[in-house]
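Spelled out from the first residue to the last, the chains are:
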Amino acid sequence: MHNIYKVVVTFFLVAIIGLSATAQNRTYSPYSRYGLGEIQQGGFGRNAAMGNTGIALSSSFNLNNLNPASYSSMDSISFFFEGGVTGFDQKIKTDDMEAHFSDMNFSYFAIGFPVASWGFMSIGVKPESMVGYEFFDDNESTDIPITDGNYTRSQYQGSGNTTKAYAGLAVSPVKNLSLGAHFSYVFGKVNHYSIAQFPNDANAFKLATSEQVSINDLYVDFGVQYRLKLKERHSMTFGAVYHPKTGVKGKLKKLVAAGTTFNQDGVTIINADTLSFSETKFNGNALELPEKFGIGVAYNIDDLLTLTADYSIAKWSETDFPNLATTTTDENAFTIGDAQTIAFGAEYIPNYRSASFYPSRIKYRLGASYKQDYLVTPASAGGDHLEDFGITFGMGLPLKRSKTSFNLAFEWGQRGSTNDGLVKENYMRFTMNLTLHEYWFRKRKFD
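All values derive from a computational prediction rather than experimental measurement.

### Some thoughts on the overall build of the protein chain
For step 1, the next point in the chain: The helix and strand inventory of the protein chain stands at 2 helices and 18 strands.
For step 2, the next point in the chain: A separation of at least 24 residues holds for 67% of the contacts in the protein chain among residues at least 6 apart in sequence.
For step 3, the next point in the chain: Carbon together with sulfur atoms contributes 57% to the accessible area of the protein chain, which is approximately 21800 Å² in total.

Dropping the structure here:
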């Protein structure tokens, strides 16, 4: 019973810390302006170093939330805690400007433990999507019939995030087969606003628009893994995940106002008139999470080598989504399409049982991924999916006589391009996480 208390207390600490971290900025991408923002990578420390693969990965040393079926690889007397921090460096470039941003913040928290001899569970909190951008657009006076020399400046800014809290359960009905499910609660809010002003006229009114989307709902996704023994120490694991299309409940607030002074949140307006305000609740008919499929395969040589590959597709083109549509007559508007990802990863351990040479016990990891984003560029810019390519590498640093380890992951990537007036992003991410392992459920004997 004492161990159950530990589980409960630890989870509430995880949840509180995770919720306190949700206001942090994890992106400065102008592409996060659309919908609920930039969709976050799902994996933990080991996944991040292996190209963010994980559909067919399982381990008794690390949690893997990319496939809930993987929890069956935990042993029946262990308790796991995983927590991570992520730092990133982001360079944003267009044909005529360049900006540089960097930040560091908490990334996720999770625990894993057996619930019975037949079942294993994991509970965690992680970011789901992020919004963080600010840019200006100047329009010369030839476009506006006002005094010569004047022009308008439009300021666009967004912030906020959505967060996922989940509980995952895995069972193994027959040898080498594992089935799992995640029961998730997604919540949060994102803000988008713009201000149009006349910089050359201090007395001119400013026109502001503000939009806030808040969501909170439950959904379920599923996973399966099957392990095929080939010969001594050699095996292959096949995995698949499925997320059904899900409508999400929430609220949409819109405000249009004119005034002379605005606070930084873009909502509070001083000495201003509200031109229009609306608050609309929606129940799955205005925002939907897409149907997703994923398959993976991994080749394993126990305690030496793992090679893995994943493919996934998210059917965004079949969803309703704020601020975006599948088709439009506006040649300068972004639309949405299906997102596809292919990724590869590898892990190598020179000599896991080495007692005299620590570098031989380190787990060396690398990977690569290619993604077609759900954002499709305007027809005037080619009408192609945004492309994202990244390479990763890292290592797992084990503690002596323990499954506890520190995991480091580095990712370099590029998203978009400067063609046709678009934005190119070069980014680097550094992830550090701790996988803490304890034998909490061992029955002790006393003389």
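### Section: the pairing of strand 14 (residues 339-348)
For step 1, the next point in the chain: Where strand 12 (residues 305-314) lies against strand 14, 10 bridges are found, and the strand directions are antiparallel. The residue bridging alanine 309 from the neighbouring strand is phenylalanine 344, located in strand 14.
For step 2, the next point in the chain: Relative to strand 15 (residues 363-376), strand 14 runs antiparallel, the two being bridged by 9 bridges. If you follow tyrosine 348 over to strand 15, its bridge partner there is tyrosine 364.

### Some remarks on the packing of aromatic side chains
For step 1, the next point in the chain: Applying the stated rule across the entire model yields 13 aromatic pairs.
For step 2, the next point in the chain: With a centroid separation of 6.3 Å and 15° between ring planes, the pair formed by phenylalanine 79 and phenylalanine 113 is classed as stacked. With a gap of 34 residues between them, phenylalanine 79 in strand 2 (residues 79-93) and phenylalanine 113 in strand 3 (residues 98-116) connect regions that are remote in the sequence. Across the pair, exposure class does not vary: phenylalanine 79 and phenylalanine 113 are buried alike.
For step 3, the next point in the chain: Ring pairing ties together the aromatic residues Tyr28, Phe88 and Phe101, which thus form one cluster.

### Points about the side chain of threonine 431
For step 1, the next point in the chain: Looking at where threonine 431 falls in the secondary structure, it is placed in strand 18 (residues 424-438).
For step 2, the next point in the chain: Residue contacts for threonine 431: discarding those within four places in its chain leaves Val85, Thr86, Asn407, Leu408 and Ala409.

### Regarding the environment of threonine 209
For step 1, the next point in the chain: Looking at where threonine 209 falls in the secondary structure, it is placed in strand 7 (residues 206-231).
For step 2, the next point in the chain: A residue is classified by how much of its surface remains accessible, and threonine 209, at 30% relative accessible area, is partly exposed.
For step 3, the next point in the chain: Considered as a pair, threonine 209 and alanine 257 are 48 residues apart in the sequence and their alpha carbons are 6.6 Å apart.
For step 4, the next point in the chain: When residues no more than four places from it in sequence are discounted, the contact partners of threonine 209 are His192, Tyr193, Ser194, Leu255 and Val256.

### A closer look at the confidence of the model for the protein chain
For step 1, the next point in the chain: On average, residues of the protein chain score 83 in pLDDT, and 82% of them reach the 70 mark or higher.
For step 2, the next point in the chain: Residue range residues 19-23 is modelled with pLDDT below 50. Its contacts to residues more than four positions away, or to other chains, number 6 contacts.

### Some details on the nonpolar core
For step 1, the next point in the chain: Residues Tyr31, Ile215, Leu287, Tyr374 and Leu375 are the most contacted members of the largest nonpolar core, which totals 28 residues.
For step 2, the next point in the chain: If you list the elements that add at least two residues to this core, you get strand 4 (119-139), strand 6 (177-197), strand 7, strand 10 (269-289) and strand 15.
For step 3, the next point in the chain: Phe44, Tyr108, Ala110 and Phe120 belong to the second largest nonpolar core, which has 10 residues in total.

### Quick notes on the pattern of salt bridges
For step 1, the next point in the chain: Enumeration over the complete set of coordinates arrives at 13 salt bridges.
For step 2, the next point in the chain: Across the pair lysine 254 and glutamate 211 runs a salt bridge whose closest N-O atoms are separated by 3.9 Å. Pair noted here: lysine 254 is in strand 9 (residues 246-262) and glutamate 211 is in strand 7, with a separation of 43 residues, a long-range link.
For step 3, the next point in the chain: With relative accessibility at 40%, the residue lysine 254 sits in the partly exposed group.
For step 4, the next point in the chain: A salt bridge links lysine 315 to aspartate 338; the shortest N-O distance between them is 3.4 Å. In this pair, lysine 315 is assigned in the loop between strand 12 and strand 13 (335-336) and aspartate 338 in the loop between strand 13 and strand 14, connecting sequence segments 23 residues apart.
For step 5, the next point in the chain: Three or more residues are tied together by salt bridges with common partners; here these are Glu38, Asp373, Arg415 and Glu425.

What counts and what doesn't
- Residues numbered from 1 in each chain as written.
- Predicted model: local features only at pLDDT ≥ 70, side-chain atom pairs only at ≥ 80, totals over all residues.
- Heavy atoms only, no water.
- Helix = DSSP H or I, 4+ residues; strand = E, 2+ residues; numbered from the N terminus.
- Contact = heavy atoms within 4.5 Å.
- Areas by Shrake-Rupley, 256 points an atom, 1.4 Å probe, with all protein chains shown as cover.
- Pairing = 2+ DSSP bridges.
- Phe/Tyr/Trp six-rings, centres within 6.5 Å; stacked < 30°, edge-to-face > 60°.
- Buried < 20%, exposed > 50% of the residue type's maximum accessible area, 1.4 Å probe, protein only.
- pLDDT = per-residue confidence, 0-100.
- Core = buried A, V, L, I, M, F, W, Y, C linked by side-chain atoms within 4.5 Å.
- Salt bridge = Lys/Arg side-chain N within 4 Å of Asp/Glu carboxyl O.

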